[in-house]
Amino acid sequence: MRKIFKSLSALALSLMLTVGLVSIAYAESSVTYKGGAEKFVFLEGSKYTDSDLFGSFKGVMPGDELSQTITIRNRFRNADTVKIYLRAVAHDDSGNPLSENVAAETDLPSMQEFLSQLSMTVKQGDTLLFEASPDQLGGLEKNVLLGSFPKNSSTELVVTLTVPLELGNEFQNRTGEVDWVFTAEEFTESNPSIPKTGDESNITLWTVLTFLSIAGITVLSIIYKRKNTSQSK
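Not measured: the values here are computed from a predicted model. Position numbers for residues start from 1 in each chain and track the written sequence from start to end. Where local features are concerned, this predicted model is filtered to residues with pLDDT of at least 70; where side-chain atom pairs are given and counted, the filter is 80 or more; whole-chain, interface and lining totals use all residues. Excluding hydrogens and water, the side-chain values take into account all heavy atoms of the structure.

We now examine the overall build of the chain. A tally of regular secondary structure across the chain gives three helices and 10 strands. Helix and strand assignments come from DSSP, with helices taken as H or I runs of at least 4 residues and strands as E runs of at least 2, each series counted from the N terminus. Overall, the chain shows an N-to-C arrangement of helices and strands of β-β-β-β-β-α-α-β-β-β-β-β-α. Burial status across the chain gives 40% buried among its 233 residues. To sort residues, take the accessible area from a 1.4 Å probe on protein chains only and compare it with the maximum for the residue type: under 20% means buried, over 50% means exposed, and anything in between is partly exposed.

A few words now on helix H2 (residues 108–116). Side chains of residues three or four places apart in an α-helix project in the same direction, reflecting 3.6 residues per turn. For H2, the set of buried residues is Leu108, Ser110, Met111, Phe114 and Leu115. Viewed end-on, H2 has its buried residues packed into an arc of 160°, placing them on one side of the element. Summarising the contacts, the buried residues of H2 are in contact with strand E1 (2–14) and strand E10 (175–187). This arc corresponds to the set of directions leading from the helix axis out to the C-beta atoms. A contact between two residues is defined here by any heavy atoms of the two lying within 4.5 Å.

Here Thr81 is to be found in strand E5 (residues 81–89). Residues Thr81 and Thr188 lie 107 residues apart in sequence; the distance between their C-alpha atoms is 7.0 Å. In contact with Thr81, other than residues within four places in its own chain, are Ser148, Phe149, Pro150, Glu185, Glu186 and Phe187.

Paired strands, in this sense, are two strands between which DSSP finds at least two bridges. Reading across the sheet, the four strands line up as E1-E10-E5-E8 and stay open at both edges, with antiparallel pairing between neighbours. Whereas interior strands pair on both sides, the edge strands pair on one side only; in this sheet they are E1 and strand E8 (144–150). Strand-to-strand, the axes of this sheet are offset by a mean angle of 20°, without reference to chain direction. Alignment of E5 against E10, held across nine bridges, turns out to be antiparallel. Directly across from Arg87, in E10, lies its bridge partner Val181. Axes, fitted as lines to C-alpha atoms, cover a helix only where it is in contact. Angles between the N-to-C directions of the axes lie from 0 to 180 degrees. On top of the sheet, H2 reaches E1 and E10; it is set at about 80° to E10, its chief contact.

By secondary structure assignment, the location of Ser153 is in the loop between E8 and strand E9 (154–162). When near neighbours in sequence (up to four residues on either side) are disregarded, Ser153 contacts Ile72, Arg73, Asn74 and Arg75.

So, about the pattern of salt bridges. Salt bridge, as used here: a side-chain nitrogen of Lys or Arg that lies within 4 Å of a carboxyl oxygen of Asp or Glu. This structure, assessed with the given rule, holds two salt bridges. The partner of Glu105 in a salt bridge is Lys47, with the nearest N and O atoms 2.9 Å apart. Taken together, the residues span a long stretch of sequence, with Glu105 in the loop between helix H1 (100–103) and H2 and Lys47 in the loop between strand E3 (39–43) and strand E4 (65–74) at a distance of 58 residues. What makes Glu105 partly exposed here is its relative accessible area of 34%.

Of the two faces of strand E6 (residues 119–124), the one holding Met120, Val122 and Gln124 is buried and the one holding Ser119, Thr121 and Lys123 is not buried anywhere. Direction of pairing for E6 relative to E9: antiparallel, over a ladder of five bridges. Across the sheet, residue Val122 finds its bridge partner in E9, namely Val159. Two strands pair when backbone bridges link them, and E6 and strand E7 (residues 127–132) are joined in this way by five bridges, in the antiparallel orientation.

Two rings from Phe, Tyr or Trp (for Trp, the six-membered ring) form a pair when their centres sit within 6.5 Å of each other. Planes less than 30 degrees apart are called stacked, planes more than 60 degrees apart edge-to-face, and all others tilted. In total, this model carries eight aromatic pairs according to the counting rule given. Ring geometry for Phe42 and Phe182: centres 5.9 Å apart, planes at 55°, overall tilted. Taken together, the residues Phe42 in strand E3 and Phe182 in strand E10 connect sequence positions 140 residues apart. In this structure, Phe42 and Phe182 share a single accessibility class: buried. Here the aromatic cluster, defined as three or more aromatic residues joined through ring pairs, consists of Tyr33, Phe40, Phe42, Phe76 and Phe182.

Have a look at this one:
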């Protein structure tokens, strides 16, 4: 049996200053799938959205290289495995407008121009999932499978944002927003009592026992026939 659930997180960042030393910042956040009424639970959260995962991507300055580690966990107990996917969704004028708090700080064209000046990578271990400016969808345009997670298992995404040192004053106090959509598929065996196929252990023993059973039936048949023949004479 399969059940599908979706939830939304937001990448929000803002340029607070236009001068300063190059800094490298690291922070951690998490996405936990709990199923039931809670579904996905996001930490950190910010004034932009409750599901904002990118606490280190605030107040960026030219020359910054910021890194965020996102731990993806499955804590749902009522499914054998949960597949979790990630995709990015760009904002537009109609289908996906800016969130209320972001819209209060910037308009859509200014935000897109700001995001286009930056570069971002998303890695899962040694696998590069995304490498482009944050306004681009790149490899996250469609659902990317992050893994098939048994109960209490996890993985990590490392997101790195690079701000060019030559970023100009015209981008001061700009805010950027990109939506990340997480999708979960719950998989539960419909009939756990059915034995798993493909188990070839003890196949020799079963073959021998089957052969002996056939041989035993044959011998009994011969004895029975001989006994009947001798009684009829």
